[in-house]
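Listed below are the residues making up each chain.
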Amino acid sequence: QKEVEQDPGPLSVPEGAIVSLNCTYSNSAFQYFMWYRQYSRKGPELLMYTYSSGNKEDGRFTAQVDKSSKYISLFIRDSQPSDSATYLCAMTLNTGGFKTIFGAGTRLFVKA
Amino acid sequence: DTEVTQTPKHLVMGMTNKKSLKCEQHMGHRAMYWYKQKAKKPPELMFVYSYEKLSINESVPSRFSPECPNSSLLNLHLHALQPEDSALYLCASSQVVSSGAGDGYTFGSGTRLTVV
């Protein structure tokens, strides 16, 4: 079993739709959870960063962490064609180390 | 300056060549990373430097040799690579806190390496 599971998609939605992206994980020691957006042939860009369980909102983006279920989500409201990219979840242990584990990434296409 | 700058953007090298990838950041981050990313795959950690010292080597073959000359620069020296080493090589940096990851990574745009 992989430490972090993420459906690679692709996920295709119409413009204006609400997008839900999800990851599950197996190691309960993960404490820091991140979502990165990666456009083709570019490096990943940090979108959201959350610590432990709860919700965090930033504009059209909402990140949710449910540690009891080992499940994290990213919601995108009013999706735009410019949101078309690969979205990577990532998480880090709270052990003083620097190792971040990435999910496989979900490819999202928002159609105009 | 909130960027991580990587050079070159593209590199084609033969299996007997020696080349270097360079990474620079001026955000005061004291942790710097090299990642390797194959097409449609997540980034895979190669090396971590913390305060200019190598803290993690993910069992990377010795044909990859990292170097951190100062707190702003990170190099990756390449020698005798194989075609399967062709990939996007990403540099990242972060603050150093007890968790290690700080507020997440800032990635560069990467160097697309092709080994022929």
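Everything numeric here is computed off the predicted structure, so don't read it as measured data.

Moving on to the interface of chain A and chain B. Each partner contributes to the interface: chain A provides 24 residues, whereas chain B provides 29 residues. Of the roughly 1900 Å² buried between chain A and chain B, counting both surfaces, carbon and sulfur atoms make up 58%. Among the residues chain A hides against chain B, the three largest losses belong to Arg41(A), Phe98(A) and Phe102(A). Together they make up 34% of the total. If you look at where chain A meets chain B, you find 0 salt bridges.

With that settled, the discussion passes to the state of the cysteines. All names here are of chain A. Counting across every chain of the model gives 2 disulfides over all chains. The residue that forms a disulfide with Cys23 is Cys89, at a sulfur-sulfur distance of 2.0 Å. Taking the torsion about the sulfur-sulfur bond, which here is approximately -100 degrees, the covalent link between Cys23 and Cys89 counts as left-handed. In this pair, Cys23 sits in strand S3 (residues 19-25) while Cys89 sits in strand S9 (residues 85-93), placing the two residues 66 residues apart along the sequence. Of the two residues examined, Cys23 and Cys89, each falls in the buried class.

This paragraph deals with the pattern of salt bridges. One pass over the full model with this rule turns up 5 salt bridges over all chains. Here Glu45(A) makes a salt bridge to Arg37(A), at a shortest N to O gap of 3.0 Å. Overall, Glu45(A) belongs to the partly exposed group, its relative accessible area being 35%. Owing to a relative accessible area of 13%, Arg37(A) belongs among the buried residues under this scheme. Two residues, Arg63(B) and Asp85(B), come together in a salt bridge whose shortest N-O distance is 2.7 Å. With Arg63(B) in the loop between strand S6 (53-57) and strand S7 (64-70) and Asp85(B) in the loop between strand S8 (73-79) and strand S9 (87-94), this pair connects stretches of sequence that are 22 residues apart. In this structure Arg63(B) comes out as partly exposed when scored by relative accessible area, which is 24%. Given a relative accessible area of 2%, Asp85(B) falls into the buried group.

Residue and element names in this part refer to chain A. Scanning all chains against the criterion turns up 14 aromatic pairs over all chains. Geometrically, the ring pair formed by Tyr25 and Phe30 is edge-to-face, given 5.8 Å between the ring centres and 75 degrees between the ring planes. Each member of the pair, Tyr25 together with Phe30, is buried. Between the aromatic rings of Tyr32 and Tyr51, the centroid separation amounts to 4.9 Å while the plane-to-plane angle is 40 degrees, which identifies the pairing as tilted. Highlighted residues: Tyr32 in strand S4 (residues 30-38) and Tyr51 in strand S5 (residues 45-51), separated in sequence by 19 residues.

Once that is clear, we can look at the sheet that holds S7(B). Residues and elements named next belong to chain B. Within the open sheet, the 4 strands sit side by side as S1-S3-S8-S7. Their pairing is antiparallel. Two strands bound the open sheet, and with one partner strand each, they are strand S1 (4-7) and S7. Each adjacent strand pair in this sheet contributes to an overall mean axis angle of 20 degrees, direction not counted. One ladder, built from 4 bridges, connects S1 with strand S3 (residues 18-25); its direction is antiparallel. Bridge pairing links Thr5 to Glu24 in S3.

What counts and what doesn't
Residues numbered from 1 in each chain as written. Chains lettered and ligands numbered in written order. Predicted model: local features only at pLDDT ≥ 70, side-chain atom pairs only at ≥ 80, totals over all residues. Heavy atoms only, no water. Contact = heavy atoms within 4.5 Å. Buried area = accessible area lost by both parts, 1.4 Å probe. Salt bridge = Lys/Arg side-chain N within 4 Å of Asp/Glu carboxyl O. Disulfide = S-S within 2.5 Å. Helix = DSSP H or I, 4+ residues; strand = E, 2+ residues; numbered from the N terminus. Buried < 20%, exposed > 50% of the residue type's maximum accessible area, 1.4 Å probe, protein only. Phe/Tyr/Trp six-rings, centres within 6.5 Å; stacked < 30°, edge-to-face > 60°. Pairing = 2+ DSSP bridges. Axes fitted to C-alpha atoms, helices over the stretch in contact; angles between N-to-C directions.

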